[in-house]
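Structural overview for review
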Amino acid sequence: MEPISRAEDPASNRTGPEFHGLAGWPAQPKLVPVVIVWSHGGNHVEVEGSFDNWTTRQPLQKSGKDFTIIKLLPPGVYQYKFIVDGEWKYDPNQPAMFDEMRNVNNVIEVHEYVPENLEGVSGFEPPPSPPSSYNCPNPVADDYAKEPPVMPPHLQLTLLNVPPALDAHAALPRPQHVILNHVYCQRGQNVQALVIGTTTRYKSKYITTVMYKPKARRRVLDNPSLRTDA
């Protein structure tokens, strides 16, 4: 059997580029390492998700108090769920969503790593300020005679200024974000102490630290010989 010459080959009439070998296959997406963590206890923890169409379960390795696994995934959005001691569970501290069956699954979005090009963003940097802009004149007597600027009212919403609740077990209101990481002094003269406090936030918890120092009181001398008449 003689091979068909190129002139007689029907495929030779096709238009478009010719691909030879592996060059014709589409490029495979880059895999990104993703760490999946379960930190809510258990003896045996597995994970199953949409990264393989919910077909296999992979055990997590215990590391201290947590269970972890590293998966290589292409960029995309994936749903997954944990199997803890044979029971399906999701992590409430991680992003979650409902699926078509109204089940709650954790969700993760994998982005392709793009190395930062520092030279590419150098053109967006603002020009340096001239040294003359930092030469402020010295304050004069009129500057000290002015009233200080009024403090914004929302900064007075610190927990030190919240009226005491009638119920001793009532929960305090959630602090507003504008008062975080500021130091406040308690208003009013009904407390014989200097009271200051600050509120910080860690994830979804708020921590208020209060420090106080008793004020010095004047003692009345009972010895008549030490008293002076007006």
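Residues numbered from 1 in each chain as written. Predicted model: local features only at pLDDT ≥ 70, side-chain atom pairs only at ≥ 80, totals over all residues. Heavy atoms only, no water.

Inclusion rule: UniProt positions are given in the numbering used here, feature names are shortened, and annotations may be inferred rather than shown by experiment.
Looking at an unreviewed UniProt entry, one finds the protein chain named Association with the SNF1 complex (ASC) domain-containing protein, with Gonium pectorale as its source organism. Within the UniProt record for the protein chain, the comment given under Sequence similarities (unreviewed entry) is "Belongs to the 5'-AMP-activated protein kinase beta subunit family."

Comments concerning the overall build of the protein chain
Rules: Helix numbering and strand numbering both begin at the N terminus, where a helix is a DSSP run of H or I of at least 4 residues and a strand a DSSP run of E of at least 2. A 1.4 Å probe rolled over the protein chains alone gives each residue an accessible area, and that area as a share of the maximum for its type sets the label: buried under 20%, exposed over 50%, partly exposed in between. Whether two residues are in contact is decided by their heavy atoms: any pair within 4.5 Å suffices. Surface exposure here means Shrake-Rupley accessible area, sampled with a 1.4 Å probe, where a residue is shielded only by the protein chains that are shown.
Within the protein chain one finds one helix and twelve strands. The secondary structure elements of the protein chain, listed N-terminal to C-terminal, are β-β-β-β-β-β-β-β-β-α-β-β-β. Buried positions account for 19% of the 230 residues belonging to the protein chain. In the protein chain, the proportion of contacts linking residues at least 24 apart, taken out of those at least 6 apart, comes to 53%. Summing over all exposed atoms, the protein chain offers an accessible surface of approximately 19800 Å²; the carbon and sulfur share of this is 56%.

Details of the packing of aromatic side chains
Two aromatic rings are characterised by how far apart their centres lie and by the angle between their planes. Quick reminder of the rule: Put simply, two rings from Phe, Tyr or Trp (the six-membered ring, in Trp's case) pair if the centres are within 6.5 Å, and we call them stacked under 30 degrees between planes, edge-to-face over 60, tilted for the rest. Whether a charge sits over a ring depends on NZ of Lys or CZ of Arg being within 6 Å of the ring centre and within 35 degrees of the ring normal.
Taken as a whole and assessed by the stated rule, the structure comprises three aromatic pairs. Both rings, one in phenylalanine 51 and one in tyrosine 78, keep their centres 6.3 Å apart while their planes meet at 50 degrees; by these two values the pair is tilted. In this pair, phenylalanine 51 is assigned in the loop between strand S2 (45–49) and strand S3 (58–59) and tyrosine 78 in strand S6 (residues 76–84), connecting sequence segments 27 residues apart. For the pair phenylalanine 51 and tyrosine 78, a shared accessibility class is recorded, and that class is buried. Arranged with centres 5.6 Å apart and planes meeting at 85 degrees, the rings of tyrosine 80 and phenylalanine 82 form a pair that is edge-to-face. The class for phenylalanine 82 is buried, based on a relative accessible area of 0%. One aromatic cluster is present, formed by Trp38, Tyr80 and Phe82 through successive ring pairs. The cationic tip of arginine 102 hangs over the ring face of phenylalanine 98; the distance from NZ or CZ to the ring centre is 4.3 Å.

Observations regarding the sheet that holds strand S1 (residues 32–38)
By way of backbone hydrogen bonds, the strands of a sheet pair with one another, either parallel or antiparallel. The condition that has to hold: At least two bridges found by DSSP between two strands is the condition for calling them paired. Lines fitted to C-alpha atoms define the axes here, with helix axes fitted over just the stretch in contact, and angles between the N-to-C directions of these axes take values from 0 to 180 degrees.
Taken together, three strands build an open sheet; the order of strands is S1-S5-S4 and the sheet is antiparallel. The two strands at the open ends of the sheet, each matched to only one other strand, are S1 and strand S4 (61–63). Each strand axis lies, on average, 40 degrees off the axis of its neighbour in the sheet, ignoring direction. Sheet topology places S1 next to strand S5 (residues 66–73); seven bridges connect them, and they run antiparallel. Bridging across to S5, valine 32 finds its partner in leucine 73.

Considerations on unusual backbone geometry
Unusually for a residue other than glycine, aspartate 85 sits at a positive phi of about 50 degrees. The exposure class of aspartate 85 is partly exposed, given its relative accessible area of 44%. Of note, arginine 102 is a non-glycine position whose phi angle comes to about 65 degrees, a positive value. Within the secondary structure layout, arginine 102 lies in the loop between strand S8 (96–98) and strand S9 (104–110).

Notes on the sheet that holds strand S10 (residues 183–185)
Pairing in this open sheet of three strands is antiparallel, and the strands run S10-S11-S12 from one edge to the other. The two strands at the open ends of the sheet, each matched to only one other strand, are S10 and strand S12 (205–214). For this sheet, the mean inter-axis angle between neighbouring strands, taken without regard to orientation, is 25 degrees. Relative to S12, strand S11 (residues 193–202) is paired through ten bridges, and the arrangement is antiparallel. Looking at S12, one finds that tyrosine 202 is bridged to lysine 205.

Quick notes on the nonpolar core
Test applied: For the purposes of this section, nonpolar cores are sets of buried Ala, Val, Leu, Ile, Met, Phe, Trp, Tyr and Cys residues that join through side-chain atoms within 4.5 Å.
Ranked by size, the top nonpolar core spans 17 residues in total, and within it Ile36, Val47, Leu60 and Phe82 carry the most contacts. Of all the secondary-structure elements, those providing two or more residues to this core are S1, S2, S5, S6 and S9. Those residues in contact with isoleucine 36, other than ones at most four positions away along the chain, are Val47, Phe51, Leu60, Phe67, Thr68, Ile69, Lys71, Tyr80 and Phe82.

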